[in-house]
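Structural characterization, general
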Amino acid sequence: MPSNLASSLEPPRAEPNVRQFVQSESRAPHRLDALLTLFDLFVVGCLAALICFTNLSSPSIGMGDETIYVRAAQGMQASGDYLSPLVDTTYFYGKPPLRMWLTPPATSLLGQSSFALRAPDAACGVLLALLLYSFARVMFRSRLTGLLSCVALFGCSAYVLNHGPRMAVIDSLLTLLFASVMFCAWKVFAELARSTERHESILLWSVLGGIGSGLCILAKSGAGVVPLLVLAVFALLSGKLRRLWREASWSLWTVLGLTLLISSPYFLYHCAFSNGACKNLIGLEVVERAISGFHNTDKPLFYFTRIFADGAFFPPLLILGSMAYGLYLAAFRRSSAALFLLCWAIVPVLFYSAMASRLTWYITPAAPAVALLIGLLASDMTHAAVRSILGWAERRSFFTSSAYALVLLVGLAYYLLGKNVWAVYENVSAEKERLKIDQLVHSVLNEPDFPVLRLFNDELAWDERAYLHMLGDRLREIASLEEAVAEASSDDFKGVVLTDFHQAIELIRRTSPLEYSFIAPHWDRARWMTAVSYGKSLGGEMLSSLQRIDFGSESFEPLFGWESGGSLHGRAVRKMTGSHAGFLVRGDFAYRHLGTTVSLKSAYLRGRSKALTAKLKLYINDNFVESIEPNSNGFSVAQFEIEPGVWQAGTNSLVFRAESTVEGTALPEHSLIFDWMILRPVGVESGK
């Protein structure tokens, strides 16, 4: 085996780089190869679906671009005008509508939810994985390259987590369409390189490429032209433009014609008939971004910092190694495939670096090309390492230094790929904080015929409005508090009243809600909002109006002075170890503003001291609130009220201090036992 590492990595031998890295693959029967390909596609699809769809509803729809596109799609669906998206009462011409057109079918099929809004993007991620594997099989005839390329792509956090397949934005669709155009172009170049004329095949792939190119522009206007720029650079550098023009110039006209035919009607229509559309679509979103810029205008090396210093895309070591290997193949082995991928990976980065606006997701369409280069490098190193090991086993000789280095590099490459994928999966599988309005709407939509009455006159926050829109006909505006009280007082009313803080306090005082949730000010919503629920528990962030604290449960939060009391009458209980014990209780604004009714079930085990009774003094946040005397040798329920203002809205400390009724006599240890406590705002009935 050669000692030189580069020479041990077999390069492509045939143009247009349709090569075989493992000879056994070419000898495998066609049927077996087809079955193995289907198996690979299944594995790739499962990996991509796991990354793209896991925990897709978390976090809630974001405050930035995601909310804009979601609300534009919702406005489009509500108005029935699919050419002019509406956000509130303003037309949105910031981006073409292709991605927004996918939202209505998704919500019609899956129902209203964050999951449904993001499902088209997640599906684009899965389709991109399948396309990337197919790209590797067509370009290199290597299963391993295809599998490793997909692993590399879904370990790319900048693609997966930043305006990617887990957000309801346009960039995941753009990346898929970009890759589709590149796949079609490679098929055209591959057919052109064959000795026999294949005009029908070239025409087919030219038509598909032209459609994909037009859809790219219809997805993100000026950004959709970049695939054609990449292909132009490749055609010039590889010298294939002259042959393409000489033998199949109609292919170029087909692509350009279809690109214009698909994309131009939308732009021409709005520039001609929609006031302000041309200024937004072309002037602001294309020309202004390119010349003046809005983001990171003072950072000319922004993308290189993100790629190499921050490691936001792939491990920098793998990027540098794969680029160097690609340059080696392109320069010394005349590999068209390597040159094609290098153009795809580098041209978008240089193009967007020259623009004034710079954002990470602008260059994510180049990520599939880098993933293919990384997959190619790791695959070739793997095969070279296997040949080294087999050669060593046959000759029974010592490893050379280059063989040792090769095996170590292969292990490092696999480690870095696996580490990145695992880090991305840990991120997507971790629960993230969701907006309370998101959880409320999700719970309401899970209950049939569960209306929401809105008595909140202010606008919700920018990102909250998307969720309120999901309610559709479930949402009904009401005019006054009296109307809300009348509906909520009905025995058969099951629904939610959405109102402000002060009206909610009055509503809770005058009715008997099942649950409620106070929602703090958020972004451009400056006032507190409250959801008050009747008839059926919604769970989630809702707090039951009858808060039950079981002393023997795991949810009991002791501070000091407690021990498990075992089980009495089939229920877990808890004992005080001495004369002082404290625990924590969640409070809320209703307790603080209305006061609280408390029911406490406790007992005093007096033993032989028949004349000795106990007195319990209860303190909330160091404020004395009540003194009770538990029954001796039997449970009793004491009920009392706590004045408004004692409770905090958050966590509260409750402390019991036990005393003997006989002065100078101490109570026996472990003699006070507790079963449960029920808290409810004053005015809320215990039975409803």
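In the block above lies the structure referred to throughout.
Not measured: the values here are computed from a predicted model. (Residues numbered from 1 in each chain as written. Predicted model: local features only at pLDDT ≥ 70, side-chain atom pairs only at ≥ 80, totals over all residues. Heavy atoms only, no water.)

A contiguous nonpolar surface patch, about 540 Å² in accessible area, is contributed by Leu301, Phe304, Phe308, Leu320, Ile346 and Leu350. Listed by contribution, the elements that provide at least two residues to the nonpolar patch are helix H15 (302-309) and helix H17 (336-354). The topology assignment puts Phe308 in helix H15. (Patch = residues over 30% accessible without salt bridge, like charges linked within 9 Å, V, L, I, M, F, W, Y side chains within 5 Å. Areas by Shrake-Rupley, 256 points an atom, 1.4 Å probe, with all protein chains shown as cover. Salt bridge = Lys/Arg side-chain N within 4 Å of Asp/Glu carboxyl O. Helix = DSSP H or I, 4+ residues; strand = E, 2+ residues; numbered from the N terminus.)

Here the focus is the packing of aromatic side chains. Applying the stated criterion across every chain yields a total of 41 aromatic pairs. Taken together, a centroid distance of 6.1 Å and an interplanar angle of 75° make the contact between Phe154 and Tyr159 edge-to-face. The class for Phe154 is buried, based on a relative accessible area of 1%. Judged by its relative accessible area of 1%, Tyr159 is buried. A ring pair is formed by Tyr352 and Tyr362, whose centres lie 5.5 Å apart and whose planes are at 40°; its orientation type is tilted. Of this pair, Tyr352 sits in helix H17 while Tyr362 sits in the loop between H17 and helix H18 (367-395), placing them ten residues apart in sequence. Tyr362 sits in the buried class, given a relative accessible area of 8%. (Phe/Tyr/Trp six-rings, centres within 6.5 Å; stacked < 30°, edge-to-face > 60°. Buried < 20%, exposed > 50% of the residue type's maximum accessible area, 1.4 Å probe, protein only.)

Attention now moves to the sheet that holds strand E15 (residues 614-620). Pairing is antiparallel in the open sheet, where five strands are placed in the order E10-E13-E18-E15-E16. A strand with exactly one partner marks an edge of an open sheet, and here the two such strands are strand E10 (557-560) and strand E16 (623-628). For this sheet, the mean angle separating the axes of adjacent strands, direction not counted, is 25°. With three bridges joining them, E10 and strand E13 (residues 580-586) adopt antiparallel strand pairing. (Pairing = 2+ DSSP bridges. Axes fitted to C-alpha atoms, helices over the stretch in contact; angles between N-to-C directions.)

This part is about the pattern of salt bridges. By the definition in use, this model includes 26 salt bridges. The partner of Lys220 in a salt bridge is Asp171, with the nearest N and O atoms 2.6 Å apart. Note that Lys220 is positioned in helix H11 (residues 199-220) and Asp171 in helix H10 (residues 171-193), a separation of 49 residues in sequence. The pair Lys220 / Asp171 is uniform in exposure class, with both members buried. Among the ionic pairs, Arg465 bridges to Asp524, the shortest N-O distance being 3.0 Å. Within this pair, whereas Arg465 is found in helix H21 (residues 465-470), its partner Asp524 is found in the loop between strand E6 (515-519) and strand E7 (529-534), the two being separated by 59 residues in sequence. With a relative accessible area of 45%, Asp524 lands in the partly exposed category. Through salt bridges with shared partners, a single network forms among Arg71, Asp88, Glu459, Arg465 and Asp524.

Let us look at helix H23 (residues 501-510). Within H23, burial applies to Phe501, Ala504, Ile505, Leu507 and Ile508. All buried residues of H23 lie within an arc of 165° about the axis, which places them on one face of the element. The secondary structure elements touched by the buried residues of H23 are helix H22 (481-488), strand E5 (495-500), E6, E7, helix H24 (589-594) and strand E19 (672-681). (Arc of directions from axis to C-beta. Contact = heavy atoms within 4.5 Å.)

The next subject is the nonpolar core. Phe135, Phe154, Phe314, Phe340 and Trp344 are the most contacted members of the largest nonpolar core, which totals 111 residues. The dominant element in this core, judged by the number of residues it contributes, is H10, at 15 residues. Once residues lying within four places of it in the same chain are set aside, the contact partners of Phe154 are Ala48, Ile51, Cys52, Gly125, Ala129, Tyr159, Val160, Val421 and Val424. One finds Val497, Phe583, Ala590 and Ile620 within the second-largest nonpolar core, a separate group that totals 54 residues. (Core = buried A, V, L, I, M, F, W, Y, C linked by side-chain atoms within 4.5 Å.)

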